Amino acid sequence: MLARLALAAALIFGAVSGAVAQEPDVIFKKSTVWRALTPNDKLAVYGIDDPDVEGVACHYTTPERGGISGTFGVAEEVSDISLSCRQVGPVRFKKKFGQGDDMFSERRSLIFKRMHIVRGCDSKRNTLVYMVYSDRPIEGSPKNSTSSVPLMPWGNEQPPKCGEWVTG
């Protein structure tokens, strides 16, 4: 009975937290494993804007499983995710942030595994640093990728100092 309640709570929590997350844009998908009667395994490239830092966008590539389990959304996705972030316009901070705060998060398995893109500031170099990783309550995953965005002038606008926007 306790296990059923825990499962129900995890499913509800996953649905609620996924609903408030920003949806990334699908850029393209490329098949990597052919499957005869079910969808192929793919590499998918997504784009997402930093919700708290205007003028910064990230792209990440993640494997997506096909087959029966992938079709029904119950496949546990692997943690091999690459990340690239760039300044795409004048940078404007919308609010203060903590080092390592989530910029984006999404579910990577039916219940427990999540992918996180987190943001930090290297104030010495006036550079935003983004890292992608996946977590799991018991095992975790050491697989990760990092991308840096040096804040540069855009047109006549001088960039803000990221260190002035970090809390704590």
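See the structure shown above.
We now turn to the structure provided with this report. (Residues numbered from 1 in each chain as written. Predicted model: local features only at pLDDT ≥ 70, side-chain atom pairs only at ≥ 80, totals over all residues. Heavy atoms only, no water.)

### Thoughts on the packing of aromatic side chains
Two aromatic rings are characterised by how far apart their centres lie and by the angle between their planes. Applied cut-off: Aromatic pairing here means that ring centres of Phe, Tyr or Trp (its six-membered ring) are within 6.5 Å. Orientation follows from the plane angle: under 30 degrees is stacked, over 60 is edge-to-face, and everything else is tilted. The secondary structure listing takes helices from DSSP runs of H or I that are at least 4 residues long and strands from runs of E that are at least 2 residues long, numbered from the N terminus. Categorising residues by exposure relies on relative accessible area from a 1.4 Å probe, with only protein chains included: less than 20% of the type maximum marks a residue as buried, more than 50% marks it as exposed, and the intermediate range marks it as partly exposed.
Summed over the entire model, instances satisfying the criterion amount to four aromatic pairs. Measuring from ring centre to ring centre gives 5.4 Å for Tyr46 and Tyr60, while their planes differ by 25 degrees; the resulting arrangement is stacked. Of this pair, Tyr46 sits in strand β2 (residues 41-49) while Tyr60 sits in strand β3 (residues 53-64), and the two are 14 residues apart along the sequence. Comparing Tyr46 with Tyr60 shows no difference in burial state: the two are buried.

### A short note on the sheet that holds strand β4 (residues 82-93)
Stated formally: Between any two strands, at least two bridges found by DSSP are needed for them to pair. Axis definition: a line fitted to C-alpha atoms, limited for helices to the stretch in contact. Angles are taken between N-to-C directions and run from 0 to 180 degrees.
One open sheet accounts for four strands, arranged β1-β2-β3-β4; its pairing is antiparallel. Each end of this open sheet is capped by a strand with a single partner; those strands are β1 (25-33) and β4. The average angle at which neighbouring strand axes cross in this sheet is 15 degrees, direction not considered. For β1 and β2, the ladder comprises seven bridges, and the chain directions are antiparallel. Bridging across to β2, Lys30 finds its partner in Leu43.

### Comments concerning the pattern of salt bridges
Note the threshold: We define a salt bridge as a side-chain nitrogen of Lys or Arg found within 4 Å of a carboxyl oxygen belonging to Asp or Glu.
By the definition in use, this model includes seven salt bridges. For the salt bridge of Arg92 with Glu157, the shortest nitrogen-to-oxygen distance reads 2.7 Å. A residue pair is termed long-range when its members are at least 10 positions apart, and Arg92 in strand β4 and Glu157 in the loop between β9 (144-150) and β10 (166-167) qualify at 65 residues. Residue Arg92 is classed as partly exposed on the basis of its relative accessible area, which comes to 35%. A single network of salt bridges, built from pairs that share partners, joins Asp50, Asp52 and Arg119.

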